[in-house]
Amino acid sequence: MNKPLLAALSSLAIAGLGAAPAVAAPHTAVKPKATVDFAGTVALSNCSGSVIRFPNSADTDPALVLTNGHCLETGFPDPGQVITGQSSSRTFGLLNSSGSKVATLRANQVVYSTMTDTDVTIYRLTTTYAQIKSSYGISPLTVNDTHPTAGAAIKVVSAFWKRTYSCSIDGFVYRLKEGDWTWKDSVRYTSSCNTIGGTSGSPVIDTGTGKVVAVNNTGNEDGETCTENNPCEVDQNGNVTIHQGINYAEETYLIPACFTTGNKLNLSASGCTLPKP
């Protein structure tokens, strides 16, 4: 995993808390790009995240925050474990477009969390999208409900470090195995997204659409095979490969189908394929 804060401190000298914020993606005559900055991202105590909405979310719905399963405040979910409806009072530092903290948001529930097949935690906040927009002028990021595309230009936006990483989707991994956990159809980055500890939970944003297509979660640090912090790729035939220094994310397009009116989780909804408790 792209480790939380404690393990990230050794990277401080490299990453730097004062890293410059991302500049908005330039527009071209051929294909205008979305502006990708820090607006709507959040810093957790040990990870990164973002305020998200789904295509069918309403402005009056309670806002949601997306981060990793391994960023859950009560510890890593066990393999096969799915947590829903767990009480939470976790706080999040909301950033504006330039990377300045403008508010502290608070959760009242862990809506969904797992490290099985994927690596996600979704929190419900005590405020609505409309309230956040009215008070701070910040809109949520929209989660795309279609599969990401190989070769697409992306940015990984870390509110914890106030730093962005720019690269492309190199491809997709049938199974990504790390320690006791296995994730399905993971995103492999090209090498320039050299994410570090503390970037866990960062939204992966398609720069062409401005929508979230994945959540950043891990990378092979030491060249080991299938150990913690050293995920390995497993193909359909069981062949194992490793790519030291390459980082990964978990797709998010499956999530919207599991949320219904009012941003309510419904794991029995038609088309919902997220792991169930």
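Each chain carries its own residue numbering, running from 1 in the direction its sequence is written. Restriction of local features to residues with pLDDT of at least 70 applies here, the model being predicted, together with a cutoff of 80 or more for giving and counting side-chain atom pairs; totals for whole chains, interfaces and linings are based on all residues. For side-chain calculations, the full set of non-hydrogen atoms in the structure is used, while hydrogens and water are omitted.

Observations concerning the side chain of Thr 195
- Helix and strand labels come from DSSP, where a helix needs a run of H or I of at least four residues and a strand needs a run of E of at least two; each type is numbered from the N terminus. Assignment of secondary structure puts Thr 195 in the loop between strand E11 (181–189) and strand E12 (203–206).
- Counted as a polar contact is a pair of N or O atoms within 3.5 Å, where, for protein atoms, one must be capable of donating a hydrogen and the other of accepting one, and residues adjacent in sequence contribute only when both atoms are in side chains. A distance of 3.4 Å separates polar atoms of two side chains, one belonging to Thr 195 and the other to Asn 247.
- Dropping the residues within four chain positions of it, Thr 195 is found in contact with Asn 2, Val 156, Tyr 165, Tyr 189, Asn 216 and Asn 247. Should any heavy atoms of two residues lie within 4.5 Å, those residues are counted as being in contact.

Considerations on the environment of Ala 153
- Locating Ala 153 in the fold gives a position in strand E9 (residues 153–158).
- Exposed residues in this analysis have more than 50% of their type's maximum accessible area, buried residues have under 20%, and partly exposed residues fall in between, with area computed by a 1.4 Å probe over protein chains only. Looking at Ala 153, the relative accessible area reads 31%, which means it is partly exposed.
- Expressed as a C-alpha distance, the spacing of Ala 153 and Gly 208, which sit 55 residues apart in the sequence, is 7.2 Å.
- Dropping the residues within four chain positions of it, Ala 153 is found in contact with Cys 167, Ser 168, Ile 205, Asp 206 and Thr 207.

Re the pairing of strand E6 (residues 101–114)
- In this sheet, E6 lies alongside strand E4 (residues 82–87) in antiparallel orientation, the contact comprising 5 bridges. For Gln 86, the partnering residue across the bridge sits in E6 and is Val 110.
- Bridging between strand E5 (residues 91–95) and E6 involves 5 bridges; their strand directions are antiparallel. Among the inter-strand pairings, Gly 93 is bridged to a residue of E6, identified as Thr 104.
- Turn length for the E5-E6 hairpin, with the two strands adjacent in sequence and antiparallel, is 5 residues, and the turn residue Gly 99 shows positive phi of about 95 degrees. When DSSP locates at least two bridges between a pair of strands, those strands are taken to pair.

Re the state of the cysteines
- The rule for a disulfide is simple: a pair of cysteine sulfur atoms within 2.5 Å. Within this structure, the stated rule accounts for 4 disulfides.
- In this model Cys 47 forms its disulfide with Cys 71; the gap between the sulfur atoms is 2.1 Å. Disulfide Cys 47-Cys 71: torsion about the S-S bond near -90 degrees, hence left-handed. Residue Cys 47 is found in the loop between strand E1 (41–43) and strand E2 (48–53), and its partner Cys 71 is found in the loop between strand E3 (62–67) and E4; the two are separated by 24 residues along the sequence. Accessibility assignment for this pair places Cys 47 and Cys 71 in one class, buried.
- Here Cys 226 engages in a disulfide with Cys 232; their sulfurs sit 1.9 Å apart.

As for the pattern of salt bridges
- We count a salt bridge whenever a side-chain nitrogen from Lys or Arg sits within 4 Å of a carboxyl oxygen from Asp or Glu. In total, this model carries 5 salt bridges according to the counting rule given.
- Among the ionic pairs, Glu 73 bridges to Arg 90, the shortest N-O distance being 3.8 Å. One end of the pair, Glu 73, is in the loop between E3 and E4; the other, Arg 90, is in the loop between E4 and E5, and 17 residues separate them in sequence.
- Its relative accessible area of 36% is what places Glu 73 among the partly exposed residues.
- For Lys 184, the salt bridge is made with Asp 117, and the minimal N-O distance between the two is 3.6 Å. Highlighted residues: Lys 184 in strand E11 and Asp 117 in the loop between E6 and strand E7 (120–128), separated in sequence by 67 residues.

A short note on the confidence of the model for the chain
- Counting all residues, the mean pLDDT for the chain is 91, and 89% of those residues have values of 70 or more.
- Here residues 5–31 is modelled with pLDDT under 50, and outside its nearest four sequence neighbours on either side it reaches 34 contacts, counting other chains as well. pLDDT runs from 0 to 100 and stands for how confident the predictor is about each residue.

Looking at the pairing of E7
- Alignment of E3 against E7, held across 5 bridges, turns out to be antiparallel. When the bridges of E7 are listed, Leu 64 appears paired with Arg 124.
- Summarising the sheet, E6 and E7 pair through 6 bridges and their orientation is antiparallel. The residue of E7 that forms the bridge with Thr 114 is Val 120.

Some thoughts on the packing of aromatic side chains
- Here the aromatic set is Phe, Tyr and Trp, taking the six-membered ring for Trp, and pairing holds for ring centres within 6.5 Å; pairs whose planes are under 30 degrees apart are stacked, those over 60 apart are edge-to-face, and all others are tilted. Under the definition given, this model contains 4 aromatic pairs.
- Between the aromatic rings of Phe 160 and Trp 161, the centroid separation amounts to 5.1 Å while the plane-to-plane angle is 85 degrees, which identifies the pairing as edge-to-face.
- With relative accessibility at 17%, the residue Phe 160 sits in the buried group.
- Working rule: Lys NZ or Arg CZ, within 6 Å of ring centre, within 35 degrees of ring normal, means a charge sits over the ring. Taking the ring centre of Tyr 129 as reference, the NZ or CZ of Arg 53 above it sits at 5.3 Å.
- A cation over a ring is seen here: Arg 175 above Tyr 174, with NZ or CZ 4.0 Å from the ring centre.

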